[in-house]
Amino acid sequence: MGTFRQRIEVAASREGPFRGMYALVDTGSFYTWIPGRILRELGVEPMDSIAFELANGERVVRERFEVVLRLNGQTIHTICAAGEGKDQNLLGAYTLEGFALSVDSVNKRLVRLPVLPAAHS
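Small disclaimer: the values here were computed from a predicted structure and weren't measured. (Residues numbered from 1 in each chain as written. Predicted model: local features only at pLDDT ≥ 70, side-chain atom pairs only at ≥ 80, totals over all residues. Heavy atoms only, no water.)

1. Section: the environment of Asn 56
Just so we agree on the cut-off: For the purposes of this entry, the term helix denotes a DSSP run of H or I that reaches at least four residues, the term strand denotes a run of E that reaches at least two, and both are numbered from the N terminus. Each polar contact in these results corresponds to two N or O atoms within 3.5 Å; when the atoms are within protein, one needs to be able to donate a hydrogen and the other to accept it, and residues that are neighboring in sequence are counted only if both atoms are side-chain atoms.
Within the secondary structure, Asn 56 is located in the loop between strand S4 (48–53) and strand S5 (59–71). From its side chain, Asn 56 meets the backbone nitrogen of Glu 58 in a polar contact 2.9 Å long.

Structure, rendered in structure tokens:
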């Protein structure tokens, strides 16, 4: 699968202020990763810490935050991990599903899901 970057904006609340950045679209990453420094500057308080296994097999513990994320003019609440050191900015699966977006890896873009799956009662 080809990789690409997407512009995102993050804030502590819907009122902002928002901080913009580019993130690598990574459906293999559960959460979106935002630099911890930016989250702290925005005044977001961590919910807790959680363990992750990185692509290279290394295990790390990172703080988890609830944030407001804006993407292509839409805004939702989502959960992200605080990136530290050399961690990349990532746009993960949890956030993509929250926006009802899928990845078009051929054209390297995000596409809206026309309908969402749901269980039949």
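2. Some points on the nonpolar core
Note on soluble globular proteins: their nonpolar side chains tend to be buried together. Defined as follows: By nonpolar core is meant a set of buried Ala, Val, Leu, Ile, Met, Phe, Trp, Tyr and Cys residues that side-chain atoms within 4.5 Å join together. For the exposure calls, accessible area comes from a 1.4 Å probe over protein chains only, and a residue counts as buried if that area is under 20% of its type's maximum, exposed if over 50%, partly exposed in between. Contact between two residues is taken to exist if any of their heavy atoms lie within 4.5 Å; hydrogens are not considered.
Core analysis: the largest hydrophobic core is formed by 23 residues, its most contacted members being Ile 8, Val 10, Ile 34, Leu 39, Leu 91 and Leu 110. Contributions of two or more residues to this core are made by strand S1 (5–11), strand S2 (19–25), helix H1 (36–41), S5 and strand S6 (74–83). Here the element with the most residues in this core is S5; it accounts for 4 residues. Residues contacting Leu 39, with those up to four places away along its chain left out, are Val 10, Ile 34, Val 44, Phe 65, Val 67, Cys 80, Ala 81 and Ala 82. With 8 residues, the next largest nonpolar core counts Trp 33, Phe 52, Val 60 and Ala 81 among its residues.

3. With respect to the pairing of S4
Keep this limit in mind: At least two DSSP bridges between two strands are required for those strands to pair.
Bridging between S4 and S5 involves 6 bridges; their strand directions are antiparallel. For Phe 52, the partnering residue across the bridge sits in S5 and is Val 60. Following S4, the chain reverses through 5 residues before pairing antiparallel with S5; Gly 57 in that reversal takes a positive phi of roughly 90 degrees.

4. Thoughts on the packing of aromatic side chains
We count it as follows: Each aromatic pair joins two rings of Phe, Tyr and Trp (for Trp, the six-membered one) with centres within 6.5 Å, and gets the label stacked for planes under 30 degrees apart, edge-to-face for over 60, and tilted for any other angle. Here, over-ring charges are defined by two tests on the NZ atom of lysine or the CZ atom of arginine: distance to the ring centre within 6 Å, and angle to the ring normal within 35 degrees.
With the rule as written, the count across this model stands at 5 aromatic pairs. Aromatic ring contacts, followed pair by pair, group Phe 30, Tyr 31, Trp 33, Phe 52 and Tyr 94 into a single cluster. The ring centre of Phe 18 lies 3.7 Å from the NZ or CZ of Arg 70, which sits over that ring.

5. Focus: unusual backbone geometry
The step from Gly 16 to Pro 17 runs through a cis peptide bond, and the omega angle for that step is 5 degrees. With phi around 60 degrees, Ala 100 is a residue other than glycine that occupies positive phi space. Taking relative accessible area as the criterion, Ala 100 reaches 12% and is therefore assigned buried. A positive phi angle, close to 50 degrees, is found at Lys 108, a residue other than glycine. Considering the arrangement of structural elements, one finds Lys 108 in the loop between strand S8 (101–104) and strand S9 (109–112).

6. Comments concerning the pairing of S6
Here S6 lies mainly inside the structure; 7 of its 10 residues are buried. The pairing of strand S3 (residues 32–35) with S6 spans 4 bridges and is parallel. Of the residues in S6, the one forming a bridge with Ile 34 is Ala 82. With 8 bridges joining them, S5 and S6 adopt antiparallel strand pairing. Within the sheet, the bridge partner assigned to Val 67 lies in S6 and is Thr 78. Between S5 and S6, which pair antiparallel in sequence order, lie 2 residues; one of them, Asn 72, sits at a positive phi of approximately 50 degrees.

7. Some points on the environment of Val 25
Among the secondary structure elements, Val 25 is positioned in strand S2. Placed 55 residues apart in sequence, Val 25 and Cys 80 show a C-alpha to C-alpha distance of 14 Å. In this view, Val 25 contacts Phe 4, Gln 6, Leu 91, Leu 96, Val 103 and Leu 110; residues no more than four positions away in its chain are not counted.

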